[in-house]
Amino acid sequence: MELRYSDADESFRAELHAWLETVLPALAPQPPRDAWPERRKWDTEWQRRLFDAGYAGLHWPKDYGGRGASPTEQLIFYEETARARAPYVGVNFVGTLHAGPTLIEEGTDEQKATHLPRILCGDEVWCQGFSEPGAGSDLASLRTRADRDGDDYILNGQKIWCSFGQIADVGEFLVRTDPDAPKNRGISWLILPMDLPGIEVRPLKTVLGSSEFAEVFLTDVRVPVANRVGDENDGWRVTNVTLKYERGTAFVSELVDSIRLCEDLATRMAVKGDESLQTELGRCIAEFDALWALTKRNVSQATRGAPGPGAMVMKLAYSEARQRFGELCMKALQRDALHVDDNELVEERLRTLALTIAAGASQIQRNIIGERVLGLPREPR
Amino acid sequence: MDLDLSDDQIALRDGISSMLAARVPMERVRAGFDRALFDDLAAAGVFSLRSDGFSWADCVVVFEQLGRYCVPGPLVASLLLGDGRIAGAAIESQPMWIEHLDELDVFLVGGMDDVRVVDPREIVAERSPWPLDPCTPIARVELLPEGMPFGVERRNWELAGVTLTAALQLGLADRLTELAVAYAKERVQFDRPIGSFQAIKHMLADMLTRTEVARAAVYSAGAVLDEMPSAWTRRRLAHGAKVVAGDAAITNGKVATQIFGGMGFTWEVDVHLYLKRAWVLDTHFESADRNAELVCVTAGDPRIWGDS
Ligand SMILES: Cc1cc2nc3c(=O)[nH]c(=O)nc-3n(C[C@H](O)[C@H](O)[C@H](O)COP(=O)(O)OP(=O)(O)OC[C@H]3O[C@@H](n4cnc5c(N)ncnc54)[C@H](O)[C@@H]3O)c2cc1C
């Protein structure tokens, strides 16, 4: 057991730190939440900078434009960028954190060559069209149809909660290619160009007052069969690859940022004067520190090729801990919590309401842990 | 950076675990701590780990197992003393409550900024006829003799004690999860194992989650004791580990009691022994609440951020 990073890791940190110090001061201010074209521009320009400096797709293989960095370098990247308050992945979330990694594992050479470099340099923004009005937690019951017509599929149906849908170029979409097969055997995973005729995107307003996700209506949308990732009707297996990244690694940079927010709050007088708040905040910090240690432990185990249950509990533990911290912030701020403008902690409290729902609700995570890790009898499905 | 067990640590864990399985079955735990048990542990090298050249991280691995088997006795202080004698320890308070007083060769007391050593034979105490944990006899002391300075740095001594205690708590949390999962698979009601009901399944998933999170915290606190980075990091991770592992042990104890139903309220089922030990350990090197406060104060104090 060792927490210390190697000298090579530390020199990577120093180099990254120096780079961040030169680029961050020149960064334009972040656009407002609902200014989507501007947000897209801001986030993708940052992605481009990372790419030019060799920091995009750190853990992606070199063949696909990544850096082929070690998992520990990836952790250091999260630590340094959070500490320096560098931009978050933003609209590049789906592409860099789960669609891209899915293509690396499951895509054809042509699919990889077309999309991976564009994702990395910020030229291509992805969205995720998995959920439907009737298929949320029970994702495999999805009904959007894909009927084969020669070398194309014809898509009809509706998707919902599609984050970045209004500005995305491409989507990872789940469709039903065999309506007669048992529900998780008739699904396929498609790359869907969002500018195809027949796609209509309608933004939905969230509790933040802005449109963080959208409904997507598909009417006779014609997509080449070549856009399918994995075999026809084998999309559920590919979906689980995507979910592995979405639930496993996608939360890590948020976690480091949570630690920063805690430290900020710990230095405030409102907390310092109040012992019970200090106790509660200390608990949050202890939990986040523990989750950061768990992240490191998961990385160590994965590197050794022996992943433990830690990766399975991460999403549940982080999202619940983050909400406890959010409640504490509201309590600490008292009436100063009654405005959201210029009030990061309150805005975060609202945003993080989604953490226990999105990417697999906590109840579903508990079912998965109970059944796959602890071997308890299965739910009816 | 590696927060997984090394091959040597896996061997160490498996070695101590099979030794405890053979020599400290629950009947012996229920009989409480005695000299013979101490001799067995000492012969296995439990208290001389440090002088035998093992790291703090190794000690953490061993203490996690001692917790899993609910081994009674003043384990942490005996290792901190490390010279083969049985030692108890407590942070100074008024009155003092001393555990296992009749077994002790030495008593260590952590004062405001020093550690002192007191001869247990000089301690006048009133023994409780009904200790909370039947395996942890407790005595009340109105006035502790002054004692002699024990030449260690108070802060580092405490951080080691905090971390080893957290390792015991982790072991309790882990074993409680195992006991509850096994029972939930076997106990049938409404023609189904109770583990198939979400109300139970979700409690079990949370028990595992708390345990895994606590394990990461405790291992990192152990690693940091060896590496001696800044005082800021050491304090924060040690106190944090005690918070997370302590909460995990107590909460898992309460939840396990619920999952066992009426059986969980019996003397016969082991769950109460684990829960009571979790409550005992929560008071060692200060409560989870107090440790949490220390984490917060450390995290929020820029004066000690760069300190080493
Ligand atoms: C901010 C945000 C962004 C999102 N982005 C995307 C996106 O980009 N693309 C996309 O495809 N989807 C996205 N989602 C959708 C998300 O994946 C779903 O909301 C989630 O899977 C839950 O589905 P649902 O909303 O239909 O809730 P439901 O499945 O209807 O669940 C409602 C409640 O019932 C509980 N429940 C359901 N089934 C069970 C069960 N078997 N046992 C116990 N309890 C159960 C749930 O835990 C929940 O509390 C996003 C959601 C949010 C909040």
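Here the residue numbers are simple positions, counted from 1 along each chain's written sequence. Chain letters start at A and ligand numbers start at 1, both assigned in the order the entries are written. Confidence filtering applies because this is a predicted model: local features only for residues at pLDDT of at least 70, side-chain atom pairs given and counted only at 80 or more, and all residues used for totals across whole chains, interfaces and linings. In computing side-chain values, all of the structure's heavy atoms are included and hydrogens and water are not.

*Asks:* Is there a simple way to think about the packing of aromatic side chains in this case?
*Replies:* Both the distance between ring centres and the angle between the ring planes are used here to describe each pair of aromatic rings. Here a pair means two rings of Phe, Tyr or Trp (six-membered ring of Trp) with centres within 6.5 Å. Their orientation is stacked below 30 degrees between planes, edge-to-face above 60, and tilted elsewhere. Applying the stated criterion across every chain yields a total of 14 aromatic pairs over all chains. Centre to centre, the rings of tyrosine 183 of chain B and phenylalanine 260 of chain B are 4.2 Å apart; their planes meet at 15°, and the pair counts as stacked. One end of the pair, tyrosine 183 of chain B, is in helix H6 (residues 154–186); the other, phenylalanine 260 of chain B, is in the loop between helix H8 (231–259) and helix H9 (271–282), with 77 residues separating them in the sequence. Burial classification: accessible surface area is computed with a 1.4 Å probe over protein chains only, and a residue below 20% of its type maximum counts as buried, one above 50% as exposed, and the rest as partly exposed. The class for tyrosine 183 of chain B is buried, based on a relative accessible area of 13%. By relative accessible area, which is 10% here, phenylalanine 260 of chain B ends up buried. Within the aromatic cluster, the residues linked to one another by ring pairs are Phe12, Trp19, Trp46 and Tyr55 of chain A. The ring centre of tryptophan 36 of chain A lies 3.9 Å from the NZ or CZ of arginine 39 of chain A, which sits over that ring. The ring of phenylalanine 217 of chain A has arginine 202 of chain A lying over it, and the distance from NZ or CZ to the ring centre is 4.0 Å. Helix numbers and strand numbers start at the N terminus; a helix is a DSSP run of H or I with at least 4 residues, a strand a run of E with at least 2. Ring-over charges, as used throughout, are those where CZ of Arg or NZ of Lys falls within 6 Å of the ring centre and within 35 degrees of the ring normal.

*Asks:* How do you make sense of the packing of helix H10 (residues 310–333) of chain A against helix H12 (residues 362–373) of chain A when you look at a structure like this?
*Replies:* Think of two packed helices as two axes; the pair is described by the angle between the axes and how far apart they sit. All names here are of chain A. To obtain an axis, a line is fitted to C-alpha atoms, over the contacting stretch when the element is a helix, and the angle between two such axes runs from 0 to 180 degrees between their N-to-C directions. Packing of H10 against H12 leaves a shortest axis separation of 9 Å and a crossing angle of 150°. Comparing their axes, H12 and H10 come out roughly antiparallel. Crossing of H10 against H12: the hand is left-handed. Across the interface between the two elements, Met312, Val313, Lys315, Leu316, Ser319 and Glu320 of H10 pack against Ser362, Gln365, Arg366, Ile368, Ile369, Arg372 and Val373 of H12. Only Asp, Glu, Lys and Arg are considered charged in this grouping, and only Ala, Val, Leu, Ile, Met, Phe, Trp, Tyr, Cys and Pro are considered nonpolar; every other residue, Gly among them, is considered polar. Grouping the constituent residues of the contact of H10 with H12 by class yields 6 nonpolar, 3 polar and 4 charged. We call two directions roughly parallel when the angle between them is under 35 degrees, roughly antiparallel when it is over 145, roughly perpendicular when it lies between 65 and 115, and oblique otherwise. For any pair of crossing helices, the crossing counts as left-handed if the nearer helix is rotated counterclockwise from the farther one by less than a right angle, and right-handed if it is rotated clockwise. By definition, residues are in contact when any of their heavy atoms lie within 4.5 Å.

*Asks:* How do you make sense of the packing of helix H4 (residues 93–106) of chain A against helix H5 (residues 109–120) of chain A when you look at a structure like this?
*Replies:* Residues and elements named next belong to chain A. Closest axis-to-axis distance for the H4/H5 pair is 10 Å, and the angle between their directions is 160°. By the angle between their axes, H4 is roughly antiparallel relative to H5. Relative to H5, H4 is oriented so that their crossing is left-handed. On the side of H4, the interface is formed by Gly95, Thr96, Gly100, Leu103 and Ile104, while H5 contributes Gln111, Lys112, His115, Leu116 and Ile119. Residues that form the contact of H4 with H5 fall into these classes: 4 nonpolar, 5 polar and 1 charged.

*Asks:* Looking at this structure, I do not really get the site of the ligand. What am I missing?
*Replies:* Around the ligand sit 18 residues in total, of which Ser131, Ser137, Trp161 and Gln363 of chain A together with Gln198 of chain B are the nearest. Interatomic distance of 2.7 Å between a backbone N/O atom of serine 131 of chain A and an oxygen atom of the ligand. Serine 163 of chain A is positioned with one of its side-chain polar atoms (N or O) 2.8 Å from a nitrogen atom of the ligand. When the free accessible area of the ligand is taken as 970 Å², the share hidden by the protein chains comes to 65%. Among the residues making up the shell around the ligand, the classes are represented as 10 nonpolar, 8 polar and no charged. Nearness here has a simple test: a residue counts as near a molecule or strand if at least one of its heavy atoms is within 4 Å of that partner. In the analysis that follows, any N or O atom pair within 3.5 Å is treated as a polar contact, provided that within protein one partner can donate a hydrogen and the other can accept it, and provided that, for residues neighboring in sequence, both atoms belong to side chains. Here, Shrake-Rupley sampling with a 1.4 Å probe gives the accessible areas, and only protein chains in the shown set may cover a residue.

*Asks:* Would you explain unusual backbone geometry in this entry?
*Replies:* If a residue is not glycine, its phi is most likely negative; likewise, a peptide bond is most likely trans. Residues and elements named next belong to chain B. Each neighbour pair has its own omega, and for glutamine 94 with proline 95 the value is -5°, a cis peptide bond. In this model, cysteine 70 sits at a positive phi of 60°, which is unusual for a non-glycine residue. Among the structural elements, cysteine 70 can be located in the loop between helix H4 (56–68) and helix H5 (75–81).

*Asks:* Honestly, the nonpolar core in this entry has me stumped. Any pointers?
*Replies:* General note: in soluble globular proteins, nonpolar side chains tend to be found buried as a group. Put simply, a nonpolar core is a bunch of buried Ala, Val, Leu, Ile, Met, Phe, Trp, Tyr and Cys residues held in one set by side-chain atoms that sit within 4.5 Å of each other. With 219 residues, the main nonpolar core has Leu281 and Phe325 of chain A together with Phe63 of chain B as its most contacted residues. Ranked by the residues each element gives to this core, the list is headed by H6 of chain B, at 17 residues. Every residue in contact with phenylalanine 63 of chain B, bar those within four places of it in the chain, is listed here: Val46, Leu75, Val76, Leu79, Leu164, Ala167 and Leu168 of chain B.

*Asks:* What is the right way to look at the sheet that holds strand E6 (residues 138–141) of chain B in this model?
*Replies:* Note on sheets: strands pair through backbone hydrogen bonds, and any given pair is parallel or antiparallel. We treat two strands as partners when DSSP finds at least two bridges between them. Spatially, 3 strands are ordered E2-E6-E5 (chain B) in an open sheet, and the strand pairing comes out antiparallel. Looking along the sheet, the strands with just one partner apiece sit at the ends: strand E2 (96–99) and strand E5 (126–127) of chain B.

*Asks:* Any chance you could explain the pattern of salt bridges here in plain terms?
*Replies:* Residue and element names in this part refer to chain A. Salt bridge, as used here, is a side-chain nitrogen of Lys or Arg placed within 4 Å of a carboxyl oxygen of Asp or Glu. Under the definition given, this model contains 67 salt bridges over all chains. Between glutamate 212 and arginine 33 there is a salt bridge, with the nearest N and O atoms lying 3.4 Å from each other. Pair noted here: glutamate 212 is in the loop between strand E6 (199–204) and strand E7 (213–224) and arginine 33 is in the loop between helix H1 (7–23) and helix H2 (36–52), with a separation of 179 residues, a long-range link. A residue is classified by how much of its surface remains accessible, and glutamate 212, at 16% relative accessible area, is buried.

*Asks:* Just to check I follow, could you spell out the side chain of aspartate 289 of chain A for this structure?
*Replies:* With respect to the helices and strands, the residue aspartate 289 of chain A is situated in helix H9 (residues 275–303). In contact with aspartate 289 of chain A, other than residues within four places in its own chain, are Ile259 of chain A together with Arg236 and Leu237 of chain B.

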